[in-house]
Amino acid sequence: MIQFKTINDRIFSVIGFSLLFAYLLSFLFEGQVLYSILAYHDVHDSTYIVAAIVAHFAGLFSCGYLVKSPIMAKYTMLSSMGVCLIATVPYFFAPSALWLAGLIVSGYAGGFAVASWGYFLKAYTPKNERIKSCADVLIYSNIIMIAVNVVAINLSPFIGLTLSMFCLVAGMALIWILPIDKQEGWREETESKFNVGIKKPLMMLCLFVVVITINSGLMYQVINPAFEHLKELTSWYWAVPYIAALAIMRNLSMKANRSIFLYVGMAMIMGAFISFMLLGRNASDYLVVDTLMLGACGIFDLFWWSIIGEMLDYTENPVKVFGTGLSANVFGVLCGGVVGMAVTSIQLPSAEVAVIALTVVCVTLVMLPTLNRQLVMVLKNHVYLASYDNMSMSQKAEIIQRTKTLEELTAREQEVLQHILSGKSNREIAETLFISENTVKTHARNILSKYDVSSRAELISTLLKNQSETF
Amino acid sequence: MKEFRKRRDCYAVFFVIGIVLTLIFAMNLMLVAAFISGMGSFILFIILVRQHLLLRDANLIWDNPILTVSSSIIIKSEGKKWEAEKTIFSTFGILMGSKIYKWGSEGVHGVRLKSILIDRERIHLTFGDLKKTICVEMLHGMADKQAVLDVQKRLLYETGVSAMISGW
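*Asks:* How do you make sense of the overall build of chain A when you look at a structure like this?
*Replies:* Counting its secondary structure elements, chain A contains 20 helices and zero strands. Counting all 471 residues of chain A, 56% fall into the buried class. Only carbon and sulfur atoms are counted for the fraction: they give 65% of the accessible area of chain A, which is about 19600 Å².

*Asks:* Please explain the side chain of T410(A) as it appears in this structure.
*Replies:* Along the chain, T410(A) falls in the loop between α16 (393-402) and α17 (411-421). For T410(A), a relative accessible area of 6% corresponds to the buried category. If we skip the residues at most four places from it in the chain, T410(A) touches K450(A), Y157(B), E158(B), T159(B) and G160(B).

*Asks:* Even after reading the chapter, I still don't get the nonpolar core, so can you show me in this structure?
*Replies:* What tends to happen in soluble globular proteins is that the nonpolar side chains get buried as a cluster. Residue and element names in this part refer to chain A. Of all hydrophobic cores here, the largest spans 121 residues; its most connected members are F17, W305 and F322. Three or more residues apiece are contributed to this core by two domains, here domain 1 (1-184) and domain 2 (188-385). Contact partners of W305, with chain neighbours within four places excluded, come to F17, F21, C134, V137, L138, F322 and L326.

*Asks:* Before we go on, may I ask you to explain the packing of helix α6 (residues 130-154) of chain A against helix α7 (residues 157-176) of chain A in this structure?
*Replies:* Packed helices, taken two at a time, are described by the angle their axes make and the gap between the axes. All names here are of chain A. Remark: α6 packs on α7, axes separated minimally by 7 Å, with the N-to-C direction vectors making an angle of 155°. Relative to α7, α6 is oriented roughly antiparallel. Here I144, V148, V151 and A152 of α6 lie close against α7, whose contacting residues are P157, I159, G160, L163, S164 and C167. Of the residues that constitute the contact of α6 with α7, the class distribution is eight nonpolar, two polar and no charged.

*Asks:* I keep staring at the sheet that holds strand β1 (residues 65-69) of chain B and nothing clicks. Help me out?
*Replies:* Within a beta sheet, neighbouring strands are joined by backbone hydrogen bonds and run either parallel or antiparallel to one another. Residue and element names in this part refer to chain B. The antiparallel open sheet is built from four strands, whose spatial order is β1-β4-β5-β6. Single-partner strands in this sheet number two, and they are β1 and β6 (99-102). Within this sheet the neighbouring strands show an average axis-to-axis angle of 10°, counted without direction. In this sheet, β6 lies alongside strand β5 (residues 93-96) in antiparallel orientation, the contact comprising four bridges. Within the sheet, the bridge partner assigned to G93 lies in β6 and is K102.

*Asks:* How do you make sense of unusual backbone geometry when you look at a structure like this?
*Replies:* All names here are of chain A. Of note in the backbone geometry, E30 takes a positive phi value of approximately 55° without being a glycine. Note on placement: E30 falls in the loop between α1 (2-28) and α2 (32-40). Not every positive phi belongs to a glycine, and D42 is a case in point at roughly 55°. If you trace the backbone, D42 turns up in the loop between α2 and α3 (46-66).

*Asks:* Hey, could you run me through the interface of chain B and chain A in this one?
*Replies:* Many structure descriptions define interface size as the accessible area lost when the parts assemble. The partner chain A presents 16 residues to the 15 residues of chain B that form the contact. For the pairing of chain B and chain A, the buried interface totals around 1300 Å² over both sides, and the portion due to carbon and sulfur atoms is 47%. For the chain B face of the interface with chain A, the top three residues by lost area are V108(B), Y157(B) and E158(B), together amounting to 38%. Here chain B and chain A share one salt bridge between them.

*Asks:* Looking at this structure, I do not really get the confidence of the model for chain A. What am I missing?
*Replies:* Interpretation of this model should avoid reading the predicted coordinates in detail wherever pLDDT is low. Residue and element names in this part refer to chain A. Per-residue pLDDT for chain A has a mean of 82; in total, 85% of the residues score no lower than 70. Between the elements of chain A, mean pLDDT differs from a low of 47, seen in helix α8 (residues 186-191), to a high of 94, seen in α7. Contacts from residues 183-195, a stretch scored under 50 in pLDDT, to residues over four places away or in other chains number 29 contacts.

*Asks:* Please explain the pattern of salt bridges as it appears in this structure.
*Replies:* Between side chains of opposite charge, pairing is possible as soon as their charged atoms come close. Taken as a whole and judged by the stated rule, the model has 12 salt bridges over all chains. D136(A) serves as the salt-bridge partner of R250(A), at 2.6 Å between the closest nitrogen and oxygen. Of this pair, R250(A) sits in helix α11 (residues 240-250) while D136(A) sits in helix α6, placing them 114 residues apart in sequence. In this pair, the class of R250(A) matches that of D136(A), namely buried. Through salt bridges with shared partners, a single ionic network connects R412(A), E415(A), R154(B) and E158(B).

*Asks:* What is the right way to read the packing of helix α4 (residues 70-88) of chain A against α7(A) from this model?
*Replies:* All names here are of chain A. Their axes nearest at 10 Å, the elements α4 and α7 cross at an angle of 160°. Between α4 and α7, the angle falls in the class roughly antiparallel. Regarding α4 and α7, the two cross each other, and that crossing is left-handed. Seen from α4, the contacting residues are K74, Y75, M77, L78, M81, G82, C84, L85 and T88; seen from α7, they are L161, M165, L168, V169, G171, M172, I175 and W176. Here the residues of the contact of α4 with α7 sort into 13 nonpolar, three polar and one charged.

*Asks:* I tried to follow α7(A) on my own but got confused; where do I start?
*Replies:* Note on helix geometry: an α-helix contains 3.6 residues per turn, so any two residues three or four positions apart are oriented the same way. Residues and elements named next belong to chain A. Here α7 contains 20 residues, and its C-alpha end-to-end distance of 29 Å stays within 8% of the 28 Å for a straight helix at 1.5 Å per residue. Residues of α7 that are buried include every one of P157, F158, G160, L161, S164, M165, C167, L168, G171, L174 and I175, and no others. Two or three places before F158, at the opening of α7, S156 has a side-chain oxygen 3.1 Å from that residue's backbone nitrogen.

*Asks:* Is there a simple way to explain the pairing of strand β8 (residues 122-128) of chain B in this structure?
*Replies:* Each regular strand displays side chains that alternate between the two surfaces of the sheet. Residue and element names in this part refer to chain B. β8 sits mainly inside the fold: five of its seven residues count as buried. Two strands pair when backbone bridges link them, and β8 and strand β9 (residues 133-139) are joined in this way by seven bridges, in the antiparallel orientation. Residue pairing for β9: I123 is matched across the bridge by M138. Hairpin geometry of β8 and β9 is characterised by an intervening segment of four residues between the two adjacent antiparallel strands.

*Asks:* Looking at this structure, I do not really get the packing of aromatic side chains. What am I missing?
*Replies:* The way to describe two aromatic rings as a pair is by their centre distance and the angle between their planes. Residues and elements named next belong to chain A. By the definition in use, this model includes 30 aromatic pairs over all chains. Seen in terms of ring centroids, Y75 and W176 are 6.4 Å apart; in terms of plane orientation they differ by 75°. Their pairing is edge-to-face. With Y75 in helix α4 and W176 in helix α7, the pair connects residues that are 101 residues apart, well separated along the chain. A connected cluster of aromatic rings, assembled from ring pairs, spans F17, F21, W117, W304, W305 and F322.

*Asks:* Quick question: what am I supposed to make of a nonpolar patch on the surface here?
*Replies:* All names here are of chain B. Together, V13, F14, V16, I17, I19, V20, L21, L23, I24 and M27 make up a nonpolar patch on the protein surface, roughly 900 Å² of accessible area in all. Within the secondary structure, I24 sits in helix α1 (residues 2-27). The partly exposed category is assigned to I24, whose relative accessible area is 38%.

*Asks:* Got a minute to help me understand the environment of I177(A) in this structure?
*Replies:* Structurally, I177(A) can be placed in the loop between α7 and α8. Sequence separation of I177(A) and D9(A) is 168 residues, and the distance between their C-alpha atoms is 8.8 Å.

Conventions used here
- Residue numbering note: each chain is counted from 1, following its sequence as written.
- Starting at A for chains and at 1 for ligands, labels are handed out in the order in which the entities are written.
- Residue-level local features of this predicted model are given only where pLDDT is at least 70; pairs of side-chain atoms are given and counted only at 80 or more, and the full residue set underlies all totals for whole chains, interfaces and linings.
- Note: side-chain values were computed over all heavy atoms of the structure, leaving out hydrogens and water.
- To qualify as a helix, a DSSP run of H or I must reach at least 4 residues; to qualify as a strand, a run of E must reach at least 2; elements of each kind are numbered from the N terminus.
- The buried label applies to any residue whose accessible area, calculated with a 1.4 Å probe on protein chains only, is under 20% of its type's maximum; exposed applies above 50%, and partly exposed to all values in between.
- Using the Shrake-Rupley algorithm and a 1.4 Å probe, accessible areas are obtained, with residue cover drawn only from the displayed protein chains.
- In this analysis, two residues are considered to be in contact whenever any of their non-hydrogen atoms come within 4.5 Å of each other.
- Buried Ala, Val, Leu, Ile, Met, Phe, Trp, Tyr and Cys residues form a nonpolar core when they are joined through side-chain atoms within 4.5 Å.
- Where a domain begins and ends is set by an automatic assignment or by a domain database.
- Lines fitted to the C-alpha atoms define the axes, with helices restricted to the stretch that makes contact. Angles between their N-to-C directions range from 0 to 180 degrees.
- Under this scheme an angle from 65 to 115 degrees is roughly perpendicular, one under 35 degrees roughly parallel, and one over 145 degrees roughly antiparallel; angles in between are oblique.
- Only Asp, Glu, Lys and Arg are considered charged in this grouping, and only Ala, Val, Leu, Ile, Met, Phe, Trp, Tyr, Cys and Pro are considered nonpolar; every other residue, Gly among them, is considered polar.
- For two strands to be treated as a pair, DSSP must find no fewer than two bridges joining them.
- When two parts are brought into contact, each loses some accessible area as probed by a 1.4 Å sphere; the total of that loss over both is the buried area.
- Basic side-chain nitrogens of Lys or Arg form a salt bridge, by our definition, when they fall within 4 Å of a carboxyl oxygen of Asp or Glu.
- What pLDDT reports is the predictor's confidence in each residue, on a scale of 0 through 100.
- Note on convention: the crossing is left-handed when the near helix lies turned anticlockwise from the far helix by less than a right angle, right-handed when the turn is clockwise.
- Helix span is expected to be 1.5 Å times the residue number reduced by one.
- Whenever a nitrogen or oxygen atom comes within 3.5 Å of another N or O atom, the pair is scored as a polar contact, on the condition that within protein one atom can donate a hydrogen and the other can accept it, and that pairs from neighbouring residues in sequence are kept only if both atoms are in side chains.
- Each Phe, Tyr or Trp ring (for Trp, its six-membered ring) is paired with any other whose centre lies within 6.5 Å, and the angle between the two planes then decides the class: stacked below 30 degrees, edge-to-face above 60, tilted in between.
- Patches draw on residues past 30% relative accessible area with no salt bridge. Two like charges within 9 Å are joined, as are two nonpolar side chains (Val, Leu, Ile, Met, Phe, Trp, Tyr) within 5 Å.

Now the structure itself:
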C-alpha cells in the first residue's frame, strides 16, 4: 500500500510538472502560442521573447537562494503557477503595457516554479530512477505542447492560450495534492552523506549546458524561421524527433554506455547544420534537418537533466542545484538567440551560420571527455565513501596500506587521509586535528603526490579499485 | 613573520604606485616613461608574487612548530653561519628571522627531510631533492632528555623521519 502511494506521488509529481512545463514550452518560452498571438496582433516579437527568457533565467537562478524547505518549495511552486496564470490573462486582450509586464512576471515566477520542483524530483523519485522521471517529464510536456501548438496554429491562438492556462491549473491541482510530510527527512538524509563537493562538476556541467544550448538558440532564431512557410508540418513534427530520442534514451539498459550517444548527438548537430546549409527549404529537407537537430537536443537534454537529478542526492538545497542547472540551459538559449538574431539581422549566409554552429560543437567536443570524467568520479566517489563509512577501523587501515604509494605516508598524513576518506572538507579536518587549513592542504598535496594522482577524486577512485580487489 | 608580511605589503604598495604612474604617463602620451614604469611594475609584480609565496611558506612553518628556540645559531654545510633571535623548527622547514629552509611541502619530487641527528647541543639536519642536499646544524637549547624524546616522537609522527639521538 505504501509502495503504491509512493508510486502515485511520483506520477502526480511528474505529471504536475509536465503540465507546468507544457505551459512554458507552448507559451512563455518561445512557444508557438505566444508567437501566434503576437503575429495575430502584428506585434514585433523579439522584445517580448528576450524579456521572457531573461526573466525566466533570473527566476531559475535566484529561486534556490530563497526557497530552502519542502513546505516553501510546495507553496512557492503553487503560488508561482498562480502568478503565471494571472500574468497570462492580458494576452486575451489587445496589446498593452500589461503584455510585457505580464511576460516578465510570469517568466520570473515560472523560473521559481520550475526550480522548486527540484525538491519533488529528489523526494519522490528513487535515486537510480531519476533519468526516467526526467525523460517522462520531457516527453509528456512535449506531447502536450504539440497538441497545444496544433490547436494554436490551426484553430485559434486564443484557444491555444486557454489550453496552456488549463495545463497550469491542472498542474497546480496535482502539485496541491502531493503530501509534504514525507520530505521532512531530506535534510538529515543529505547531511549524513558525504561532502566530496559537487560544486566543480556542477559548474562544468553548467558550462557544458550553456555551450551546447547555444545551438538550440541558433536553431530557434535561424533554422525555424527558414521553414516558417511549412507551418502545418512544423506545428506537429517539430518536437517528434526530440520525443523519440528521449524515449530511446529512457529505455536504454542502465548498463548501456550512454557516453557514446553523446558523440552521436554531436554528429547529429553537425549533420543538422550541414544539411541546413546544403539542402533546400521544402518539407523533406525540413524533416532531415529537424530530425537531426531535435534528436540531438533530446539526447543532450536528457543527459544533463539526469545528471542534475543524480546530483540532488548530494546537496542540502535541491532547488538551488536544479535551478542553477536549468538556468544554464536558459542562458545558453539566450546566448544562442542573441547570436541568431545578429545572424538574421545581418542576413549571414547559411554556410556561415553552419560554421558558427560547428565551432560551438567543436568547443563542446573538447569539454566532453573532461566533464564525463569529473561526473563519473563524483558519482563513483559517493558510492565508495558510503561503503567506506560502514567498514571497521581495521578494514579502513588495510585499504590504505594495501594501496601502493611512491613513498610511505607519515602517521600524520595517514590521519589526514582517513578524514579525507570520511568525506570531510579541509576546514573540517583542520578543526578536528587542531591544525590550519593551509596545513591540511599541504598534507593533502603530499598524499596525492605519494599516490601519484592529481586530484582527490582520482585518489578516491584509486582506493576504490583497491577496495574491490581487497574485499 | 612580521618581516615577511611587511616586505610583501611594501612591494604591493610599490606595485600599485607603479601601475598608477604607468597609467598617468600613458594618458599624457609620455610613452617612454609609461614603458619604463610599466616594465618596473612588471618586475615589481614578479617580486610581489615571490614575496607572497615566501609569506605563505613562512605561515606554514609557523603553524606547525615542533621546536621553538628563542636564540639560535644555524650553521650551513659550507660553514656559513646565521644568528637569529627566534628559530622555529617545524614539519615543513625552519624559519629563522627572514631566512627560510623548507621541505616536505611539494610532494615526493620536492625537497624532503632526509635525516636528523640530535646531540647534546645541536640538531643536525639533512634535506634536499635529487639534485642537491643541504646539511644544517642548529642549537636546540634542550637540557632535558624527555624533551628530546618528545621531539623525536613528534618528528617521526609528523615527518616520518626517525631522529637519531646521540650523547644523551
